Amino acid sequence: MALYVQKFGGTSVGSVDRIKAVAEKVKGFRDQGHQVVVVVSAMSGETNRLTDMANALNDDPAPREMDMLLSTGEQVTISLLAMALQQVGVAATSHTGAQVGIHTDNAYTKARIQRIETEDLKADLDAGKVVVVAGFQGVDEDGNITTLGRGGSDTTGVALAAALGADECQIYTDVDGVYTTDPRVCTKAQRLECITVEEMLELASLGSKVLQIRAVEFAGKYNVPLRVLSSFEDGPGTLIIADADQDEDSMEEPLISGIAFTKNEAKLTLLHTPDVPGVASRILGPIADANIEVDMIVQNVAPAGDYTDFTFTVAKGDYKTTKKLLEETVIPDLGGGELRGDDNIAKVSLVGVGMRSHAGVASKMFRVLADENVNIRMVSTSEIKISVVIDEKHMELAVNALHKAFGLDKSDIESE
């Protein structure tokens, strides 16, 4: 008998019929003798509906009241799913985050889990019940309801799996696993049987939307086996493990596991900037103070030797604010400089733990893009990642060319 924590997202519980289907799926595990904890999100669209109502009443609703409001979405789902399980003959009980003992700090709308009390949970499981838990929420030390922010239900699932010592945390979603890249962009994308936490973190941070970064971080920190599965069809999904050595079926890590991409970036360049100590801080300090995250950074030395060009990227939504900040604050502080910007760019990244033991990945990537006449504007590397910034119009061409060149196409994998 195994203990599974299963998380179902909003689309998986988006209607009464889908809730019934989830109940049947959970029943299948219970009938095999397994213990099951189910974590659910609000029904698809419910969080947006509640947010719209709040904004219609108040231009700036208090974070505490927003958490009180938004937490009700998951409470609807847990009660409905418990009812559906009871209807098919499965003993079940529902719990809010507070009832199950998920304790957080008091950072409303983006709280972090501090501890989980598992005594009552274990007692219900030992009594043969399926425990249905509201994702995305907890309670602070003063008894106030808190929410965990974006991806909070995934985080709840992994945190409960860690606290209970579950055999596996299963994330059910509308896709059947993690793919080598987005199948909507590359029709020959292949579902991965297994991927490391480290690779999944890179893919998630670089644009892959399958899993939230916080949940993957939690899984890596507490060594929780994490599996991504489809709510709508049967299959093995993708297993996310702490270390490639845990995958006994793999003799050696693949060179590249996946290709991530995003159009949500903009590039800014300050030309003719003094090449003196502290200039980077004078440029990026005001941007950090405005709570704007900077991604890639490149600094060049100009021919004269005493001036430099400083280039960096930010999220596209922060582009106009950052540009205005540079024009009104940074450039006057530096005593001049020319500003250039471009919000029609894309970032394409290769990810794979196999890079650690293989040379020439970057040169091959650059050669493939050159053959397709795709110009590289910026480059960033780490041990298991190479990212390039290119013109947005070339993104799909670049992804497909790289996917084929590195042997990730479905036909290439199937023939190996």
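Here is what the cut-offs are and how they apply
- Residues numbered from 1 in each chain as written.
- Predicted model: local features only at pLDDT ≥ 70, side-chain atom pairs only at ≥ 80, totals over all residues.
- Heavy atoms only, no water.
- Helix = DSSP H or I, 4+ residues; strand = E, 2+ residues; numbered from the N terminus.
- Buried < 20%, exposed > 50% of the residue type's maximum accessible area, 1.4 Å probe, protein only.
- Polar contact = N/O pair within 3.5 Å; in protein donor to acceptor, adjacent residues only side chain to side chain.
- Contact = heavy atoms within 4.5 Å.
- Disulfide = S-S within 2.5 Å.
- UniProt positions renumbered as here; feature names shortened; annotations may be inferred.
- 1 Å grid on protein atoms, 1.4 Å probe; cavity = no way out; pocket = protein on both sides within 12 Å on 5 of 7 lines; lining within 4 Å.

Draft legend 1. Quick peek at the side chain of Ser153. Tracing the backbone through its elements, the reader meets Ser153 in helix α6 (residues 152-164). Take Ser153: its relative accessible area is 7%, and that puts it in the buried class. A polar contact is formed between the side chain of Ser153 and the side chain of Ser41, at a distance of 3.2 Å. Sequence-distant contacts of Ser153, defined by excluding residues within four places in its chain, comprise Lys7, Val39, Val40, Ser41, Glu74, Gly135 and Phe136.

Draft legend 2. Broad picture of the state of the cysteines. Taken as a whole, this structure holds 0 disulfides when the rule is applied. We note that Cys194 lacks a disulfide partner, and the nearest cysteine sulfur, in Cys169, lies 15 Å from it. You can call Cys194 partly exposed: its relative accessible area is 23%.

Draft legend 3. Quick look at the UniProt feature "binding site: ATP" (unreviewed entry) in the protein. Per the UniProt record, "binding site: ATP" (unreviewed entry) is found at Lys7, Phe8, Gly9, Gly10, Thr173, Asp174, Tyr179, Arg184, Lys209 and Val210. For this annotated set, covering 204 residues, the C-alpha atoms extend up to 24.6 Å from each other, a dispersed arrangement in space. As for the annotated residues named above, the ones lining the largest pocket are Lys7, Gly9, Gly10, Thr173, Asp174, Tyr179, Arg184, Lys209 and Val210. Relative to the helices and strands, Asp174 resides in the loop between β9 (168-173) and β10 (194-196).

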